[in-house]
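Coordinate inspection notes
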Amino acid sequence: HGGMVCLSASTDEAEQLPSKDFSDSLAKALKGGPPLRIDEFGGVSFDFAPAGGTTGIGSRVKWGLFKEQVGVAEVDRSPEAERARTQLRQAAARDLVNIDDEERNRRGVAGAAFAVVTALLAAFLIWSQAAWYSRLAVFPLMALSYGFLLSAQEGL
């Protein structure tokens, strides 16, 4: 049973999970989102809160690896937009997804690009008759490609 909760678990059992309070050190480190931030000039900087700070507040994830600040002016505060955001949050909770369609599309593009690069690398390694251990370099790239494609498909 380890740390898994079955569908029939009580609320009390679910509240005892270690990840509920971010007690896992990796979960604490990544609580604020990805540790790389895209700044206003397009550069990338390291943005990491070792104590599990709130560096993710007011940010959105881009390409699965970066986060960028969302400007106050970018957020539509009209009642219609608020209702639409509420509906999107409800749909996300119902469908168990945590990234929006725009990010899913970006991850699909990244996954497809990594897949093409991986296929080209694999073809080159076969064509050049590279040693078997050199061909193992394809597997991490294949896993990365598949991870991005699956994230785009599943919304996680």
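Going by the structure above, here's the rest.
Since this is a predicted model, take the numbers as computed values, not measurements.

Scanning the protein from N- to C-terminus turns up six helices and four strands. Ordered by position from the N terminus, the helices and strands of the protein form the series α-α-β-β-β-β-α-α-α-α. A total of 156 residues make up the protein; the buried ones form 17% of that total. Counted over contacts in the protein with a minimum sequence separation of 6, partners at least 24 positions apart contribute 52%. A total of about 11,400 Å² of accessible surface is found on the protein, and carbon and sulfur atoms cover 63% of it.

Bringing the packing of aromatic side chains into the picture now. Per the stated rule, a full pass over the model turns up three aromatic pairs. Ring geometry for Phe114 and Phe148: centres 5.7 Å apart, planes at 35 degrees, overall tilted. Pair noted here: Phe114 is in helix 4 (residues 101–127) and Phe148 is in helix 6 (residues 138–154), with a separation of 34 residues, a long-range link. Overall, the relative accessible area of 8% leaves Phe148 in the buried class. Taking the centre distance of 5.9 Å and the plane angle of 40 degrees together, the rings of Phe124 and Trp127 count as tilted. Here Phe124 pairs with Trp127, and both are found in helix 4, just three residues apart, close to one helical turn. The partly exposed category is assigned to Phe124, whose relative accessible area is 44%.

Contact geometry of helix 4 with helix 6 gives a least axis separation of 8 Å together with a crossing angle of 155 degrees. Considering the angle they form, helix 4 stands roughly antiparallel to helix 6. The hand of the helix 4/helix 6 crossing is left-handed. Within the contact between the two elements, helix 4 uses Arg104, Arg107, Gly108, Ala110, Gly111, Ala112, Phe114, Ala115, Thr118, Leu121, Ala122 and Leu125 and helix 6 uses Val138, Leu141, Met142, Leu144, Ser145, Phe148, Leu149, Ser151, Ala152, Gln153 and Glu154. By residue class, the composition of the contact of helix 4 with helix 6 is 14 nonpolar, six polar and three charged.

Cut-offs applied
Residues numbered from 1 in each chain as written. Predicted model: local features only at pLDDT ≥ 70, side-chain atom pairs only at ≥ 80, totals over all residues. Heavy atoms only, no water. Helix = DSSP H or I, 4+ residues; strand = E, 2+ residues; numbered from the N terminus. Buried < 20%, exposed > 50% of the residue type's maximum accessible area, 1.4 Å probe, protein only. Contact = heavy atoms within 4.5 Å. Areas by Shrake-Rupley, 256 points an atom, 1.4 Å probe, with all protein chains shown as cover. Phe/Tyr/Trp six-rings, centres within 6.5 Å; stacked < 30°, edge-to-face > 60°. Axes fitted to C-alpha atoms, helices over the stretch in contact; angles between N-to-C directions. Parallel < 35°, antiparallel > 145°, perpendicular 65-115°, else oblique. Left-handed = near helix turned anticlockwise from the far one by under 90°. Nonpolar A, V, L, I, M, F, W, Y, C, P; charged D, E, K, R; others polar.

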